Amino acid sequence: MEGTAMGREGKNGPVDCGQGALGSGRGARCLAVLDRGASLACRFSVPSCATGPWAASSDGVRVADGTVVGAVRDGRPVVSVAAPPDGGELTLLGGDGTALCTVTAEELGRLRAERDARMVNPAIDGLYGEWLARHPAGDPDPMPAEGPLFSVVAPLFETPVPYFREMVASVLAQTYGRWELVLVNASPRDAALAEAVAALDDPRVRVVTMDENLGIAGNTNAGIAAATGDYVCFLDHDDTLDPHLLAHYAAAVAEDPGCDLLYCDEDNFETVEGGYHAPRFKPGLNLDLLCTFNYVVHCLCVSRRVLELTERSDGSLDGAQDYDLTFKAAEVARSVRHVPHVLYHWRQHAGSTNGGIMEGKPYAIEAGARAIRAHLARVGVEATVEADEIPCVYDVAYRRDPSHTLSAVVPVADAACLPRARALAGELSAMGAVGEVALAVPAGLRERAGGGPWAVVAAEGGEPTFGALVDAGASAATGYGLLVVAPEVSAVPEETVDALAGYLERADVGVVAPRVLRPDGLVGSVGLSVEDGAVTVVDSGFEPFMGGGYLALAQFPAQWGAVGPQVFAMRGDLLARMGGLGGWDDPWLAVADLSLRLRGEGLCCVCAATADVTAPGPVFDVAGPYTVGTGEEAARFARRWGSVPDPFSSPNMTFAGGYPHLTVDWDPSAPQPRRTGTAAVIGSVASLWRVVRGRG
């Protein structure tokens, strides 16, 4: 997009923005136009020498004050101002009333459209049909000639006959031959269905006729009891399988004979002839995401070993029996395999969960919470589990042992940070979960940093890095947990600190961070994606409460490739065991490097996105890139970690543009001509996806 006199960047850098521009090529420019409730947030990169307080005027009328929300790569501050969604041109004003940049209504609309196009996730992308045509599953190479016997269990209850026939046909069409289909008919008085079942003439199809409907959990258990396979898969009575599903599952087992739990990607359809839409590309096993909602869903497949080691779900888990089994299988599995192909098609119709009827099934919502509570009890983790306002989404709060307190460290790089750092230390010292606070400072600031209810620890060297300051503070810490809070953080609610402390009670957590909001109220960062050695900030610019975006990642907890440096917590002994944070000038790369080292030890990096802090930070042009780290340090990081996959790595989607996108000719440097497709609901969290049908 070429530069204009409206504040956009030209081919050779920022253009002169007309009146008020501070020097040729150094004027303010509009980076992005983002939604913020009933208004727009217009973000401007301004010259470092410009001063506030900032304001904005529209058509000559002052409309809003501005807020500094961070900085761009070259260090220039970014000011965010609110603008009416249907207003005219917008002018950014400096502290002396000088107009630094004017953006016309047309340009505002174009920037907003560009941003909206980039926030079309795979579930609502009209290009999915094209993507699917380019990425047919096909048979694996090599195609397994021999392998395990798969039992496909399909409970039936008043199944419409056309749906039943399509479901059965999809199993008969499997290209892998070692399977049996176990049909559990719990509605024998449905004459049309009984006739359709009786008409099947294939020795691989077995029928279990129930005397009465035992509920979905009981009917499923009857199918499991009748199954003879080495692996048991679960198929809903109105859905269909891709012909290559069992072939891919058999290939996964051949590659990893210890695999005890398998699942695949899936999409939605209304009729077989009508095409597919709303794909869900899943991560590997991500227990924090799984404790938020059942992202696995289909096509769940477990080994005979899992079934022998676990108890069956009872009627109290009707509607969440698959969720319950997923947890139980994950607890005992030798390994878990996500097969990254769209191999399951979930039918959407008025009478199905996928048609949005969960609000009318409160028993299923409570059953989901019960499944999570049972899982946490089995693994010895104390927590409360409550249903979120979004059906079938859950809020988990981990209980902190009262004797486990945090040592808080505030790293202070220079004197300019001291006033806020001292205030922050005072706030932290008053929190119940915090046992001690230390300001970690260069030696030259030792005397000026004292005077409050905190310790002062001096780092060696004249200009210690962020990592060296944190290491110095941590070396003097005595608490069970270590909490690092950068001095630019403007708001750290005590409930956020309590939430982070609770995560440290879990032995599998290496580091946990909150969601970071920018001072204009929009998401600054959730987790970080690390693919091919590039560290990408994900979901920057979201509204904080809009259903969470794709897979709810902007609003709910998940395990990520890395976390950011502004606030994070870990057990007190871990940092020293991992060799500290030193060795990097860039704080983001320092903490990302620590995150990857922790993952190498089998520990997870969690963003607890239900807990927030507010802080300025990296701000991105709507066109990106959305990565942190530059120069030789970024190259060194890429050389070190370029071969390590991200927890969300998938051949089907990418985070390269700061948001999840289909991998259809994805070029993060160019505007993407996305077409919003059918915003069908996905999975058991139908209402969640309705909330986000036009965004992220």
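If you're wondering where the values come from, they're calculated on a predicted model, not measured in any experiment.

Caption draft 1: Representation of the layout of surface pockets. Here the second largest pocket defines a volume of roughly 810 Å³. Around the second largest pocket sit 32 residues that line it, and Glu488, Asp586, Pro587, Trp588 and Pro618 are the ones nearest its centre. Secondary-structure elements contributing two or more residues to the lining of the second largest pocket are strand 6 (61-71), helix 13 (466-475), helix 16 (587-600), strand 32 (617-618) and strand 33 (627-628). Classifying every residue of the lining of the second largest pocket gives 18 nonpolar, eight polar and six charged.

Caption draft 2: Structural detail: the sheet that holds strand 33. A sheet is described by the order of its strands in space; here three strands give the open sequence 27-28-33, paired in antiparallel fashion. Strand pairing shows two members of the sheet lacking a second neighbour, strand 27 (528-531) and strand 33, which therefore form its edges. In this sheet, strand 28 (residues 534-537) lies alongside strand 27 in antiparallel orientation, the contact comprising four bridges. Counterpart to glutamate 531 in the pairing with strand 28 is alanine 534.

Caption draft 3: Expanded view of empty space enclosed by the protein. Applying the stated criterion across every chain, the model contains four cavities of 30 Å³ or more. In this structure, the largest cavity is lined by Ala32, Leu34, Arg43, Arg115, Ser540, Gly541, Phe620, Val622, Tyr626 and Tyr659. Looking at the lining of the largest cavity, its residues break down into six nonpolar, two polar and two charged. The computed volume of the second largest cavity comes to approximately 60 Å³. Per-element tally for the lining of the second largest cavity: the top contributor is strand 25 (residues 509-517), with three residues. A class-by-class count of the residues in the lining of the second largest cavity yields eight nonpolar, three polar and no charged.

Caption draft 4: Structural context of helix 5 (residues 215-226). In this model helix 5 runs 17 Å from its N-terminal to its C-terminal C-alpha over 12 residues, within 8% of the 16 Å that 1.5 Å per residue would give. Of all 12 residues making up helix 5, nine are buried, and the element is well covered by its neighbours. Burial in helix 5 covers these residues: Gly215, Ala217, Gly218, Asn219, Thr220, Ala222, Gly223, Ile224 and Ala226. In the core, the buried residues of helix 5 are packed alongside strand 10 (150-156), strand 11 (179-185), strand 12 (205-209), strand 13 (231-234), helix 8 (304-309) and helix 9 (321-332).

Caption draft 5: Spotlight on the nonpolar core. Judged by nonpolar contacts, the single largest core of 150 residues is most densely connected at Leu439, Leu483 and Phe568. Of the residues forming this core, the biggest block, eight residues, is contributed by helix 16. Those residues in contact with phenylalanine 568, other than ones at most four positions away along the chain, are Phe466, Leu482, Leu483, Val484, Val511, Val512, Ala513, Val563, Leu581 and Val591. If you look at the next biggest cluster of nonpolar residues, it comprises 39 residues, including Leu181, Leu183, Leu193 and Tyr249.

Caption draft 6: Structural context of the environment of aspartate 242. Mapping aspartate 242 onto the fold places it in the loop between strand 14 (240-241) and helix 6 (245-255). Residue classification places aspartate 242 among the buried residues on the basis of a relative accessible area of 12%. Linking aspartate 242 and proline 136, residues 106 residues apart in sequence, is a C-alpha distance of 9.8 Å.

Caption draft 7: Structural context of the state of the cysteines. Enumeration over the complete set of coordinates arrives at zero disulfides. The closest cysteine sulfur to the non-disulfide-bonded cysteine 42 is located on cysteine 30, 5.4 Å from its own sulfur.

Caption draft 8: Seen up close, the packing of helix 16 against helix 17 (residues 631-641). Closest axis-to-axis distance for the helix 16/helix 17 pair is 11 Å, and the angle between their directions is 5°. Looking at the two axes, helix 16 sits roughly parallel to helix 17. Contact residues: Leu589, Ala592, Asp593, Leu596 and Arg597 in helix 16; Glu633, Ala634, Phe637, Arg640 and Trp641 in helix 17. Counted by class, the contact of helix 16 with helix 17 contains six nonpolar, no polar and four charged residues.

Calculation notes
For every chain, the first residue of the written sequence is number 1, and numbering continues from 1 onward in sequence order. A pLDDT threshold of at least 70 governs which residues receive local features in this predicted model, and a stricter bar of 80 or more applies before side-chain atom pairs are shown or counted, although totals over entire chains, interfaces and linings include all residues. Hydrogens and waters are ignored; side-chain quantities use all the structure's heavy atoms. Note on definitions: the grid is 1 Å and covers protein atoms alone; a cavity is a set of points where a 1.4 Å probe fits but cannot get out; a pocket is an open set with protein on both sides within 12 Å along at least five of seven lines; lining residues have an atom within 4 Å of a point. Grid points are joined across faces, edges and corners, and a volume is the space filled by probe spheres set on the points. Secondary structure elements follow DSSP: runs of H or I of four or more residues count as helices, runs of E of two or more count as strands, with numbering from the N terminus. When residues are sorted by character, Ala, Val, Leu, Ile, Met, Phe, Trp, Tyr, Cys and Pro go into the nonpolar class, Asp, Glu, Lys and Arg into the charged class, and all the rest, Gly among them, into the polar class. Two strands pair under a simple rule: DSSP has to find at least two bridges between them. Helix span, expected: 1.5 Å multiplied by one less than the number of residues in the helix. For the exposure calls, accessible area comes from a 1.4 Å probe over protein chains only, and a residue counts as buried if that area is under 20% of its type's maximum, exposed if over 50%, partly exposed in between. Residue contacts are counted whenever heavy atoms from the two residues lie within 4.5 Å of one another. Residues belong to a common nonpolar core when they are buried Ala, Val, Leu, Ile, Met, Phe, Trp, Tyr or Cys residues joined through side-chain atoms within 4.5 Å. Throughout, disulfides are identified as pairs of cysteine sulfur atoms within 2.5 Å of each other. An axis is simply a line fitted to the C-alpha atoms; with a helix, the fit covers only the stretch in contact. Between two such axes, the angle follows the N-to-C directions and lies from 0 to 180 degrees. Between 65 and 115 degrees an angle is taken as roughly perpendicular, under 35 as roughly parallel, over 145 as roughly antiparallel, and anywhere else as oblique.

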